[in-house]
Amino acid sequence: IAQEYIKKRKLDNNTLKNFLIGYSGNFNELYKYLKSQVFSEEEILASSLVNKNEKGEFVDRYRKRLMFPIQDERGRVIAFGGRILHPQGPKDSKYLNSPELIHYKKRETLYAFNFAKSAIRTNKTVIFCEGYMDCIAYHQCGLDYAVAPLGTALTEEHLKLIRGFADTILLSFDSDNAGQAATLRAIYMARKLDFAVKIISLKGGKDPAEIMLKFGKDNLTTQVKNSILDSDYLLNRLGEKYPVDTPEGKTKAALEYFDYIDSLQSDIQKESSLEQLSQ
């Protein structure tokens, strides 16, 4: 079933090998293996890879899932994400992720940063996207400066992590309401840290993984190259949100745009954005 899913998503062997993508077994295979390696039950439970059920049995946390190891900046595996492949029950979530651990802080960790670091430094640019599959799709298409937050919104710590590598941020979040809210928040946060910001508005699919699947590498690359400035994105959004041909609509749009202007770090940027708003 895992192999069929991989074929359907068109992930190639290099991607599987580089990202260490695998499959978790059934019930307590990992527990038995760890016991055979002379780990104590306390250590095994503390790893958050094994739980104890109501019967007192040791049960693997990840069962029958496609596994995405999460690596730190140096390439060491520090956590996991698992995508459900078999129906397991109404309470089972699509993705199951490691909880916060002593060595794993979600606010400070970016998926694929160990792979993307060199390309981010070369391009002076980073793509922030949503989730494992989107990030992997970008890398498989040669856009290897993509990273993703892990089960949390983009944080200031994430931005500071890439500050020494990049000066431009491309945001590639979903087009639904939650994705748009995340984009808006990320724009303000990145601008306050003096990054240039562009928005990737994907067309023809809901996310990079779907576009790779339907149209291929070149289409996704072209759409990334056609990313627009955050100011243009915001003005387009305000024009759709408010009736800007009326005094009331203009007032509401302008007041909302001032939040963006406040986040800009130079007077030249502020003046330029005010002129753009006036036009």
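Predicted, not measured: the structure shown is a model, and the values here were computed from it.

J.: Help me out: how do you make sense of the nonpolar core in this one?
T.: General note: in soluble globular proteins, nonpolar side chains tend to be found buried as a group. Grouped together as the largest cluster of nonpolar side chains are 73 residues, with contacts concentrated most on Tyr111, Phe128 and Leu171. The contact partners of tyrosine 111, leaving out residues within four places of it in the chain, are Phe19, Phe68, Pro69, Ile70, Tyr132, Cys135, Ile136, Ala146, Val147, Ala148 and Leu150. Residues Leu34, Leu49, Met67 and Leu96 belong to the second largest nonpolar core, which totals 9 residues.

J.: Explanation requested: the sheet that holds strand E1 (residues 22-23) in the structure shown.
T.: In a beta sheet, neighbouring strands are held together by backbone hydrogen bonds and run either parallel or antiparallel to one another. Overall, antiparallel pairing links the 4 strands, which are arranged E1-E4-E5-E6 in an open sheet. Across the chains shown, the open sheet's two edge strands, defined by having one partner strand only, are E1 and strand E6 (95-97). As paired elements, strand E4 (residues 65-71) and strand E5 (residues 77-84) share 7 bridges and run antiparallel to each other. Among the inter-strand pairings, methionine 67 is bridged to a residue of E5, identified as glycine 82. The strands touched by helix H6 (residues 131-140) within the sheet are E4, E5 and E6, with E4 carrying the most contacts at an inclination of about 70 degrees.

J.: Would you mind showing me how to read the pairing of strand E9 (residues 146-149) here?
T.: Looking along a regular strand, one sees the side chains alternate between the two faces of the sheet. Because side chains alternate across E9, one face comprises the buried residues Ala146 and Ala148, and the other comprises Val147 and Pro149, equally buried. Two strands pair when backbone bridges link them, and strand E7 (residues 110-111) and E9 are joined in this way by 2 bridges, in the antiparallel orientation. Bridging from a neighbouring strand, leucine 110 pairs with proline 149 of E9. In the sheet, strand E8 (residues 125-129) pairs with E9 via 2 bridges, with the strands oriented parallel.

Rules behind the numbers
- Residues numbered from 1 in each chain as written.
- Predicted model: local features only at pLDDT ≥ 70, side-chain atom pairs only at ≥ 80, totals over all residues.
- Heavy atoms only, no water.
- Core = buried A, V, L, I, M, F, W, Y, C linked by side-chain atoms within 4.5 Å.
- Buried < 20%, exposed > 50% of the residue type's maximum accessible area, 1.4 Å probe, protein only.
- Contact = heavy atoms within 4.5 Å.
- Pairing = 2+ DSSP bridges.
- Helix = DSSP H or I, 4+ residues; strand = E, 2+ residues; numbered from the N terminus.
- Axes fitted to C-alpha atoms, helices over the stretch in contact; angles between N-to-C directions.

The values reported here are purely geometric and, on their own, carry no functional implication.
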